[in-house]
Amino acid sequence: MTGEWHGELHHFTQSNKKIIVSSRWTLMCDWSEESTSILTVNTDITEKKELEAQFLRAQRLESIGTLASGIAHDLNNVLTPIIASAQLLLHVEFSEQKRQRYLTIVESSAKRAAALVKQVLQFARGFESQRTIVQLEHLLQEFKQVTLETFPKSIEICMNIAPALWTVLGDVTQLQQIFMNFCVNARDAMPNGGTLNISAENILIDENFVRMNPDAKIGSYIVVTVCDTGIGISPEIIDRIFEPFFTTKEVSRGTGLGLSTVFGITKNHGGFIKVYSEVGQGTEFKVYLPALEGSVYQPVEDIELFTGNGELILFVDDELAIQEISKTLLSTHNYKVMTASDGIEAIALYVEHQQQIQAVVTDIMMPSLDGMNTIRALQKINPSVKIVAISGLSSNKRMAQMSGIGVKAFLSKPYTMQELLKTLHSVLNVK
């Protein structure tokens, strides 16, 4: 018998001082493989945890600072009717009915101001909550209210929470910090207004997903997506956005610690982040958090795998790893696959094998010739070509663009084996 466990525990020293230890337990066995004892190694990490708490609080306060203008604007809107009503009541004689009306305005405005201050203080509080079972649906709904109160009215905020969302084991304050950072960055990326979409859904990560994303593990996750229609992030810097102190903002608008903090919090919760962006189109962050064991169920329809009937598929992606994995996946489920690394190569292959190719699966962001222009060129060759578009940026605007040029289905990266097979099956069976 063998086994091990590691985690964090709260201990007391001989002087009765409370400390936090990183504890590792290893089951020890004798020559006959019978368990005899447990070897325990504890490392005092109290100071490290205190420094982390101070850093996280400082970063939360920085996020609140970036919201100051929106908060001030909203508070002024709340205080104006209170001051005006008070002055009228002091200097003008009113009937009892009108007097009660102005008093009601004062009361409702004061309650609105108190609620706003309470929400801000809850986020900026200086202590760390304990890990607990978190209903992300409730947390996100509360967070939406904060953004509605503080963000410019030129930004439309949309939320889509899947029914029966699973739960996670996490620190509520830290999870709030993740979404606050993403939404503040989205706000700053839309100085002239736009749309902020926040969504959450359950996802079962399979082996195919893990091959394309080494940070993932097979199992049940909740994915929260924060997507804006802002200026986007250039390819030159997107790989650096999680670096500490890296920022493209002015000196007075942040230290560059926001996304590095988000990355650390997410990793500490056992999750990972994917980011997609296109200049002028917007940015999308996907946060994957492990679902709490016991809250997970797997519907029968999610288990069903759709297989092909020997159809030839042209798969186009400039990432060779995705090419190889997807080709293997489709081949093992009774499809024939040809691959291309960019639009030019894809068009050449399609011209040569047009009669045999029954569907094209293509990425949107590629060098040489991007997916949009590749799709248009393929449709000039064959107006009835069946195309599945793949992109990391799954905004409503992008999906509308895809539908507008005749794309039959849209698949958001990263995708699972079930999603790819189901999408391809539905496209091939459309008459």
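A short tour of the structure in this document, coming up. Along each chain, numbering runs from 1 in the same order as the chain's sequence is written. Reporting in this predicted model follows two pLDDT cut-offs: at least 70 for local features of residues, and 80 or more for side-chain atom pairs to be given and counted; totals over whole chains, interfaces and linings ignore these cut-offs and use all residues. Each side-chain value is derived from all of the structure's non-hydrogen atoms; neither hydrogens nor water enter the calculation.

1. Digging into the pattern of salt bridges
Should a side-chain nitrogen of Lys or Arg be within 4 Å of a carboxyl oxygen of Asp or Glu, the pair is scored as a salt bridge. Evaluated as defined, the whole model comprises 4 salt bridges. In this structure, Arg-99 engages Glu-96 in a salt bridge whose closest nitrogen and oxygen atoms are separated by 3.6 Å. Linking Arg-99 with Glu-96, this pair stays in helix H3 (residues 96-124), spanning 3 residues, or about one helical turn. A salt bridge links Arg-211 to Glu-207, with the shortest nitrogen-to-oxygen separation between them at 2.9 Å. Placement of the pair is Arg-211 and Glu-207 together in helix H6 (residues 207-212), with a separation of 4 residues, close to one helical turn. Exposure remark for Arg-211: the relative accessible area of 48% places this residue in the partly exposed category. For the exposure calls, accessible area comes from a 1.4 Å probe over protein chains only, and a residue counts as buried if that area is under 20% of its type's maximum, exposed if over 50%, partly exposed in between. Take Glu-207: its relative accessible area is 46%, and that puts it in the partly exposed class. For helices the rule is a DSSP run of H or I covering at least 4 residues; for strands it is a run of E covering at least 2, with both sets numbered from the N terminus onward.

2. What to know about the sheet that holds strand S11 (residues 312-316)
Following DSSP output, two strands are said to pair if at least two bridges run between them. Pairing in this open sheet of 5 strands is parallel, and the strands run S12-S11-S13-S14-S15 from one edge to the other. The open sheet is flanked by strand S12 (336-340) and strand S15 (409-412), the only strands paired with a single partner. For this sheet, the mean inter-axis angle between neighbouring strands, taken without regard to orientation, is 20 degrees. Here 5 bridges tie S11 to strand S13 (residues 357-363), and the two strands are oriented parallel to one another. Counterpart to Val-316 in the pairing with S13 is Thr-362. Whether two residues are in contact is decided by their heavy atoms, any of which lying within 4.5 Å being enough. Fitted lines through C-alpha atoms give the axes, limited to the stretch in contact for helices. The angle between two N-to-C directions lies from 0 to 180 degrees. The strands touched by helix H9 (residues 320-331) within the sheet are S11 and S12, with S12 carrying the most contacts at an inclination of about 170 degrees.

3. Quick word on the nonpolar core
Ranked by internal contacts, the top residues of the largest apolar core, which has 40 residues, are Leu-136, Leu-140, Leu-175, Ile-178, Phe-179, Phe-182 and Leu-196. Elements with a minimum of two residues in this core: helix H4 (136-150), strand S5 (155-161), helix H5 (172-188), strand S7 (194-205), strand S8 (219-228), helix H7 (258-268) and strand S10 (282-290). Looking at this core element by element, the count peaks at 8 residues for H5. By nonpolar core is meant a set of buried Ala, Val, Leu, Ile, Met, Phe, Trp, Tyr and Cys residues that side-chain atoms within 4.5 Å join together.

What is shown is where atoms sit, not what they do.
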